[in-house]
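Next come the chains, spelled out residue by residue.
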Amino acid sequence: FWLKQRLLQMLGSPAPHRPSPASAMERISMEDTAFLQGEEHSESRDGDARQLWVVRPRESFAVRRRTVLGCFAAATLAALALWHRSPSDASPKTAAADDEAEQLWQSSWGSAWGGLFSRPEPKPAPPRGYSEFLSKPPAEAEKMSAKAIKYAESLYNQTVAEAFAALAKLSYCGNLPGIYGTVASSCSLWGVPGVSTTCEKSGFEVVPGFVKTLTVTGQDSLFGYAAKVQGVSEESPVSKGVVISIRGSINSMNSSVMDKKTTVSTDIAGCKGCSVHEGYSEEYGKLKHALDDALIEFDCFPGDCTVHVTGHGSGAAIAAIAAWELSTSNYTIGTSYVFGMPQVGCEKFAEHMNERFTGKEGPIFQVTFGKDSVTRWPFEGNFKSWGVEAHYEDLNTTKPQLCMAGTEGCGVKQYTKYQLTATDHCKSALAPDGDMCKFSYWSMQCYGGLGFEVAQNVMDGYKALPEHLRPLVNWPQPHDMRADHWHPSSKDGEQKKALSHATIAKDYFSMNTLKAFAALAKISYCGPASGVQNSVLSSCKGSSGVCSKAGFGLVPHSVSEVSAPFNGSADAFFFYTALMRRTTADFAKAPYFLPAEACVLAFRGTANKANIRMNQMSSLVDLDDSGCPGCQVQQGVYTAWKANLEEMVVDALGKSGCKPFKANTTTRKVFLVGHSMGGTMMTMASYFLQKAGFQVQLSWILEGGRPGNHAFMDYVYQKMFSETRPVALWHATHENDGIPRWPAASKEGYGYHQMQVFFNSSDASNYSFCIGNGKNDGYADGACGIFRFPRGKLNFRLPSTQHCSLPYAPNGEMCMLGYPSGSFKTDMQCYYGGSIMSRSPWR
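Residues numbered from 1 in each chain as written. Predicted model: local features only at pLDDT ≥ 70, side-chain atom pairs only at ≥ 80, totals over all residues. Heavy atoms only, no water.

Trainee: What exactly am I supposed to notice about the sheet that holds strand β10 (residues 364-369) here?
Mentor: The strands making up a sheet are joined through hydrogen bonds of the backbone, oriented either antiparallel or parallel. Spatial strand order, β9-β10-β11-β12: four strands in an open sheet with mixed pairing. Lying at the two open borders of the sheet, with one neighbouring strand each, are β9 (336-339) and β12 (401-404). Here the strands of the sheet are splayed against their neighbours by 30° on average, with no regard to which way each runs. Bridge count for β10 against strand β11 (residues 388-392) is five bridges, and the pairing is parallel. Opposite valine 367, over in β11, you have alanine 390 as the bridge partner. Running over the sheet, helix α7 (residues 158-170) touches β9 and β11 and is turned about 55° from β9. (Pairing = 2+ DSSP bridges. Helix = DSSP H or I, 4+ residues; strand = E, 2+ residues; numbered from the N terminus. Axes fitted to C-alpha atoms, helices over the stretch in contact; angles between N-to-C directions. Contact = heavy atoms within 4.5 Å.)

Trainee: Would you take a moment to explain the confidence of the model for the protein chain for this structure?
Mentor: Reading fine detail from the predicted coordinates is not recommended where pLDDT is low. Residues at a pLDDT of 70 or more form 75% of the protein chain, whose mean pLDDT is 79. Taken together, the stretch residues 12-70 has pLDDT below 50 and engages in 87 contacts with residues farther than four places along the chain or on a different chain. Low pLDDT, under 50, characterises residues 818-824; the predicted model gives this stretch 16 contacts beyond four residues in sequence or across chains. (pLDDT = per-residue confidence, 0-100.)

Trainee: Help me out: how do you make sense of unusual backbone geometry in this one?
Mentor: Among all residues except glycine, the phi angle is most often negative; among peptide bonds, the trans geometry is most common. Cis peptide bonds are those with omega within 30 degrees of zero, and the linkage from tryptophan 377 to proline 378 qualifies with -10°. Take proline 378: it is sitting in the loop between β10 and β11. In this chain, glycine 527 is followed by proline 528 through a cis amide linkage whose omega measures -10°. Secondary-structure assignment places proline 528 in the loop between α17 (511-524) and α18 (532-539). Positive phi values are uncommon outside glycine, yet asparagine 567 reaches one of about 55°. In this fold, asparagine 567 is placed in the loop between β14 (560-566) and β15 (569-582). For asparagine 811, which is not glycine, the phi dihedral falls at a positive 60°. Tracing the backbone through its elements, the reader meets asparagine 811 in the loop between α24 (801-804) and α25 (829-832). Residue classification places asparagine 811 among the partly exposed residues on the basis of a relative accessible area of 41%. (Buried < 20%, exposed > 50% of the residue type's maximum accessible area, 1.4 Å probe, protein only.)

Trainee: What is the right way to look at empty space enclosed by the protein in this model?
Mentor: The probe, sized like a water molecule, is rolled over the atoms to show the empty space still left. A complete count under the given rule lists five cavities of 30 Å³ or more for this structure. Estimated volume of the second largest cavity: approximately 90 Å³. Considering the residues around the second largest cavity, the lining is formed by 15 residues, among which Val367, Thr368, Phe369, Lys427 and Ser428 are closest to the centre. If you tally residues by element for the lining of the second largest cavity, the top one is β10, at three residues. Residues of the lining of the second largest cavity, tallied by class, amount to seven nonpolar, five polar and three charged. (1 Å grid on protein atoms, 1.4 Å probe; cavity = no way out; pocket = protein on both sides within 12 Å on 5 of 7 lines; lining within 4 Å. Points joined across faces, edges and corners; volume = space filled by probe spheres on them. Nonpolar A, V, L, I, M, F, W, Y, C, P; charged D, E, K, R; others polar.)

Here it is as structure tokens:
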């Protein structure tokens, strides 16, 4: 009742700086319908009395403002009402505790939320003289002189830059229901705690109700929004017009493909002989129709409208292309700020952008931070930077370096290529929380529609409440909706250099890497099940967890799951592929040797009768490859691979971004991992995939059997990868497990895995190496690894602790997920997902 009364008072009371509501909204009776001609109207009921609300289209601003505010207040207070529990739900507490809680509520929330229902005092306008600077003539020199730099310094306004940083950051909400509210709330003059003071101090606001998303059906990675803005100060560089904000690359397959389309052959309108980044140009083309619709809806037409652009990363690049196209179409491009922008086009395009947007229009300032490598991407010489760069060295920098982007000593250009890092890409001295990409209160903003300051006040009040009154009001930003802290390398120079310096096989072993790939192999035992993809992505993040310790993470939406038939069984085999990325260049060095990007192929071990029948087909058959003379392979594994697995594996790798040929948008590098039969299959797969044109990386065979004869195993381990590394594959063995020595060597001449890491206990730190053909010739006195045991002492029973209870596996178990009955039955987590490394071990 109280809320209703307050909202009615708001709707009926005039605003100090707006026309009276009477001029915008009139309540009339049914007898006055003659006045409705040519005007929008709607009907409402209040008891038996029928009334009409008339809204004159060009006078409805104040109404829209107060209506949005009312909805915002109602939604917020409704959410807060959920915090008051009924006596049956609350834990027992004394009357004194109740009084204390009420006092906390009043003291913490009263002043903050009281502002929801009052207008703010007028805010100070930006410093005088700003509009005078905009009228100065543009710089004529191609390279800005000292006088021109001084001119740029007079135009650069850090307060306005902070407002644009907030608007750029909000695009990372994506197409979620809170995007409309959080944009309007973060940059308005409502006088609520959620107002972005940077917009107020900059003298402009986003008009409530005039935020429109820019999306493309079926394109998860491409997003932006347009917002109508108006100036509230004559001195503001932002007056009546539209702001366009484009989201940067997120951690997704589509973003990966877009960034890697670096061919500069795409022509651009109004710039003869110019070429731009193919990927960014294509993405702008997809958004163009939605952008045109938004401009029309906001009454923004060529020759009579100013457009401001912003964005972060690749979003900034797309925004820059949009600025050029709109300017060519006779829109005016106003003062704009873009953040962490990569290089967009060729030298001629850069010259035209300099000429137009450092004086004639704009200016468009490029804000950079630290050693952000993305601002120098692509590294090819046919790309050229442009515009005025405002470089912030660290989070404490208050006055940026202003210079011409791309010139020696300017901003990020002062660092060598090898000093750059993608970890600086999201850091910002201007953005809320010092980060362009990560929200402190993601769900409250992107779902709840709260502004930056409102969300902060909500959490301050939340922390003041007693613990038993604290519900979950915020949950973190999902991994696949975060910005991409990565950029593709032109060439894997770091990895190649590291490989050339490491000549000892032991230098190629990393326990962190073994544990990461063991986790991926274990999840393959879940398949096929509904939770596989979620488990893979939850377990292997680049930001935290077992994979991050090995220097990589998997790209969301890149996981491709496949079940393959064999011997009358529809799901005889299961494997999945995914795109993996190195987190930093440090992991290109020993002992990791990671490329910037690669795919992973994880193959499930024995899990059904069809697998057992295949394993029993142990005769050797000729490989018929002149490049591998005398090579023979196990009949069952070879038959299954050639029947359908090879084609299905190549197809799945393609869906995850890996192709067997060199291309800008894909990679040829592949890591293989498998346990038991999966390891046997991956050993043979390394041969066929390498022959097909893929580049098989240092992979992991876990307790795998032997897929071929001596000639085949010698070729794989001694010849196939000898030009790139001394270790072809690592074969991990445990205690007296018999599977790594199956089939028997005496049976038709089976060969041996030649790079063995042997674990002789449940202690992961207790391991030794068996390296080279001479030490892997079978049992002998004093032999190493699995060959220290006579054949009669080996355990061939499955499942067994020797084969499954591996010290480097998650929770010390590997294959328990794969057996459909007994103590090794499939865990429920295979169906609902979650990290395999969680505190609650998978049973």
